[in-house]
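The residues making up each chain are set out below.
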Amino acid sequence: MATILFGSTGTALLLFQLFSNLVANAVKYSPGGGTIRLAACAKGALLVVTVKDEGIGIPKSDLDRLFERYYRGGNVAGIVGTGLGLFLAKIVVELHDGAIEVESVEGGGSCLHDFPALCPQGCGSGEYPARK
Ligand SMILES: Nc1ncnc2c1ncn2[C@@H]1O[C@H](COP(=O)(O)OP(=O)(O)OP(=O)(O)O)[C@@H](O)[C@H]1O
Ligand SMILES: [Mg+2]
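Residues numbered from 1 in each chain as written. Chains lettered and ligands numbered in written order. Predicted model: local features only at pLDDT ≥ 70, side-chain atom pairs only at ≥ 80, totals over all residues. Heavy atoms only, no water.

## Here's the deal with the overall build of the protein chain
Thought 1: Across its full length, the protein chain carries two helices and four strands.
Thought 2: The N-to-C order of helical and strand elements in the protein chain reads α-β-β-α-β-β.
Thought 3: Among the 132 residues that make up the protein chain, the fraction classed as buried is 38%.
Thought 4: Pairs at least 24 apart in sequence give 55% of the contacts found in the protein chain among residues at least 6 apart.
Thought 5: About 7800 Å² of surface is accessible on the protein chain, with carbon and sulfur atoms providing 58% of the total. (Helix = DSSP H or I, 4+ residues; strand = E, 2+ residues; numbered from the N terminus. Buried < 20%, exposed > 50% of the residue type's maximum accessible area, 1.4 Å probe, protein only. Contact = heavy atoms within 4.5 Å. Areas by Shrake-Rupley, 256 points an atom, 1.4 Å probe, with all protein chains shown as cover.)

Structural data, given as structure tokens:
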């Protein structure tokens with residue numbers, strides 16, 4: 001498990017929005033139930049967080065557009081949403097010098113990884129490197 005050294009309240013709030021949307025999506029798009037798995041590990045200077053579900057999955061034709069504002073998949077009729085969560089999640093991840101990836105097959109569950117940058121080694125506890 002990774003220890004995350006995020007110092008500022010603002011960063012913590014942004015990260016809360018990021019992770020809460022990924023977990024909310026996993027729950028919301030698993031209307032038939034199933035297991036949701038969360039994992040976190042350090043990979044070099046990156047924190048790798050994975051949220052995996054066994055829900056409805058995402059049609060292949062939607063995968064490239066999920067991070068667009070207001071975009072929703074073609075298989076979510078009847079499930080409430082605005083299409084903003086992943087748009088904002090990507091902004092938060094990029095503000096942390098990270099990246100976000102989706103793996104999914106329609107009907108076969110989804111796996112979202114994100115990679116906010118960890119404090120580099122030697123960074124003082126509670127500090128976060130200034131943005132360029
Ligand atoms: N875990 C998932 N399983 C299946 N589809 C997903 C999953 N996560 C995201 N999606 C697809 O990506 C789309 C965009 O997700 P996003 O979180 O941006 O919006 P939303 O969940 O529709 O609404 P909200 O703005 O309330 O989060 C969803 O509408 C859905 O089609
Ligand atoms: Mg959402």
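## What about the coordination of the magnesium ion (ligand 2)?
Thought 1: Taken together, the protein donors to the magnesium ion (ligand 2) comprise Asn 21 (OD1) and Asn 25 (OD1), at separations of 2.1 to 2.6 Å. On the criterion of helical spacing, the pair formed by Asn 21 and Asn 25 is a turn pair, its members being four residues apart in helix H1 (residues 9-28). (Donors = N, O, S within 2.8 Å, 3.2 Å for Na, K, Ca; no water.)

## Observations concerning the environment of Leu 63
Thought 1: Relative to the elements of secondary structure, Leu 63 occurs in the loop between strand S2 (46-53) and helix H2 (85-95).
Thought 2: By relative accessible area, which is 25% here, Leu 63 ends up partly exposed.
Thought 3: It is 8.0 Å that separates the C-alpha atoms of Leu 63 and Ser 104, two residues lying 41 residues apart in sequence.
Thought 4: Not counting residues up to four positions away in its chain, the partners in contact with Leu 63 are Ile 58, Val 102 and Ser 104.

## Quick notes on the site of ligand 1
Thought 1: Surveying the vicinity of ligand 1 reveals 19 residues, the closest of which are Tyr 29, Arg 72, Gly 73, Thr 82 and Leu 86.
Thought 2: Note that an oxygen atom of ligand 1 is positioned 3.0 Å from one of the side-chain N or O atoms of Lys 28.
Thought 3: Between Ser 110 and ligand 1, the recorded distance is 3.2 Å, taken from a side-chain N or O atom to a nitrogen atom.
Thought 4: For ligand 1, whose free accessible area comes to 600 Å², the fraction covered by protein is 94%. (Near = heavy atom within 4 Å. Polar contact = N/O pair within 3.5 Å; in protein donor to acceptor, adjacent residues only side chain to side chain.)

## Focus: H2
Thought 1: Buried within H2 we find Leu 86, Ala 89, Val 92 and Val 93. All buried residues of H2 project into a common sector of 115 degrees when viewed along the axis, lining one side.
Thought 2: Among the residues trailing H2, Asp 97 stands out with phi positive, at a value near 60 degrees. (Arc of directions from axis to C-beta.)

## A short note on the nonpolar core
Thought 1: Judged by nonpolar contacts, the single largest core of 16 residues is most densely connected at Leu 18, Leu 22, Leu 66, Phe 67, Leu 86, Ile 100 and Val 102.
Thought 2: Secondary-structure elements contributing two or more residues to this core are H1, H2 and strand S3 (100-104). (Core = buried A, V, L, I, M, F, W, Y, C linked by side-chain atoms within 4.5 Å.)

## Observations concerning unusual backbone geometry
Thought 1: The phi dihedral of Tyr 70 is positive, around 70 degrees, even though this residue is not glycine.
Thought 2: You can see Tyr 70 is positioned in the loop between S2 and H2.
Thought 3: Classification of Tyr 70 by relative accessible area gives exposed; the value is 56%.

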